[in-house]
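Breakdown of the fold
Take a look at the letters that make up each chain.
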Amino acid sequence: MSLTPFGLEFDRAGPDEALAFALTRDPEAPFGYVVTPNVDHLARLRKQPELMGCYRAASLRLLDSRLLWNLARLLRLDPPPVVTGADLLAALLPVLDARAARVTLIGLASDQASELGARFPRIVLAHHTPPPGFEHDPVAFARARDFVNDHPAEITVFAVGSPRQEMLAHAVKETGQARGIGLCVGVAPLFAIGAIRRAPCWIRRVGLEWLWRLVQEPRRLARRYLLAGPPALVAILTDGFRRR
């Protein structure tokens, strides 16, 4: 039985397929975007099902939770491959640099965007940082959406956190004006520039990257990981087990 938490269907693309999708898609094709839901996203969808449309409209829905994958396997469910936004972006950036590709970045401070540009100097980078709470400000939201439309790029990186990035990517798609691929990847660019240290590979493999990040950023992540996450995990796995 496939893992379809709260009705969200994941694509079964693995890391290589996801990378190939981003790199080989016709750059003149209408804008599409990739979402990488983790347990935090799913916990939010459980309470705010009105956000589901932003995920279902995505060109690719990739599971970004090794913890959920491990638990689903223990219950003999059939989870999709794990493809994290951080891994996907890390694989893409060197190729985009070699291509001297156009990339639009939504999010990050100006100095962080400059650091990304310095690390990948051949990328032609357009950068816009919306103000905090822009998803509740129609003018600021429209400005961010229009920035993407006005800066054609092979890849647009949405790094403003969930659900803002998924809402924005969906709004860009709805205009019908943009081209290329959008990646909703949260803090992944901060891993790429070393602003946040990522967990060692063995910690990621056993599904404890969330604990690593909690230790690094307890104030920001404690509520998300310790209060919102566990009930969502139980609900996801209970529903999957019953359907099986």
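Here the structure is a predicted model, which is why all the values come from computation and not from measurement.

1. Looking at the side chain of arginine 44
When you line up the elements, arginine 44 lands in helix α2 (residues 39-47). Setting aside residues up to four positions removed in sequence, arginine 44 forms contacts with Leu51, Ser162 and Pro163.

2. Things to note about the packing of helix α7 (residues 138-150) against helix α8 (residues 164-175)
α8 packs onto α7 with a crossing angle of 60 degrees between their chain directions and a minimal axis gap of 9 Å. Relative to α8, α7 is oriented oblique. Read as a crossing pair, α7 and α8 show a hand that is right-handed. Mapping the contact onto sequence places Phe141, Ala144, Arg145, Val148 and Asn149 in α7 and Met167, Leu168, Ala171, Val172 and Thr175 in α8. Tallied by class, the residues present in the contact of α7 with α8 amount to seven nonpolar, two polar and one charged.

3. Overview of the layout of surface pockets
Considered as a void within the structure, the second largest pocket measures approximately 190 Å³ in volume. Together, Asp40, Ala43, Arg44, Lys47, Gln48, Arg223, Arg224, Leu227 and Ala228 line the second largest pocket. Sorting the residues of the lining of the second largest pocket by element identifies α2 and α12 (218-243) as the ones contributing at least two each.

Each value, and the rule that gives it
- Residues numbered from 1 in each chain as written.
- Predicted model: local features only at pLDDT ≥ 70, side-chain atom pairs only at ≥ 80, totals over all residues.
- Heavy atoms only, no water.
- Helix = DSSP H or I, 4+ residues; strand = E, 2+ residues; numbered from the N terminus.
- Contact = heavy atoms within 4.5 Å.
- Axes fitted to C-alpha atoms, helices over the stretch in contact; angles between N-to-C directions.
- Parallel < 35°, antiparallel > 145°, perpendicular 65-115°, else oblique.
- Left-handed = near helix turned anticlockwise from the far one by under 90°.
- Nonpolar A, V, L, I, M, F, W, Y, C, P; charged D, E, K, R; others polar.
- 1 Å grid on protein atoms, 1.4 Å probe; cavity = no way out; pocket = protein on both sides within 12 Å on 5 of 7 lines; lining within 4 Å.
- Points joined across faces, edges and corners; volume = space filled by probe spheres on them.

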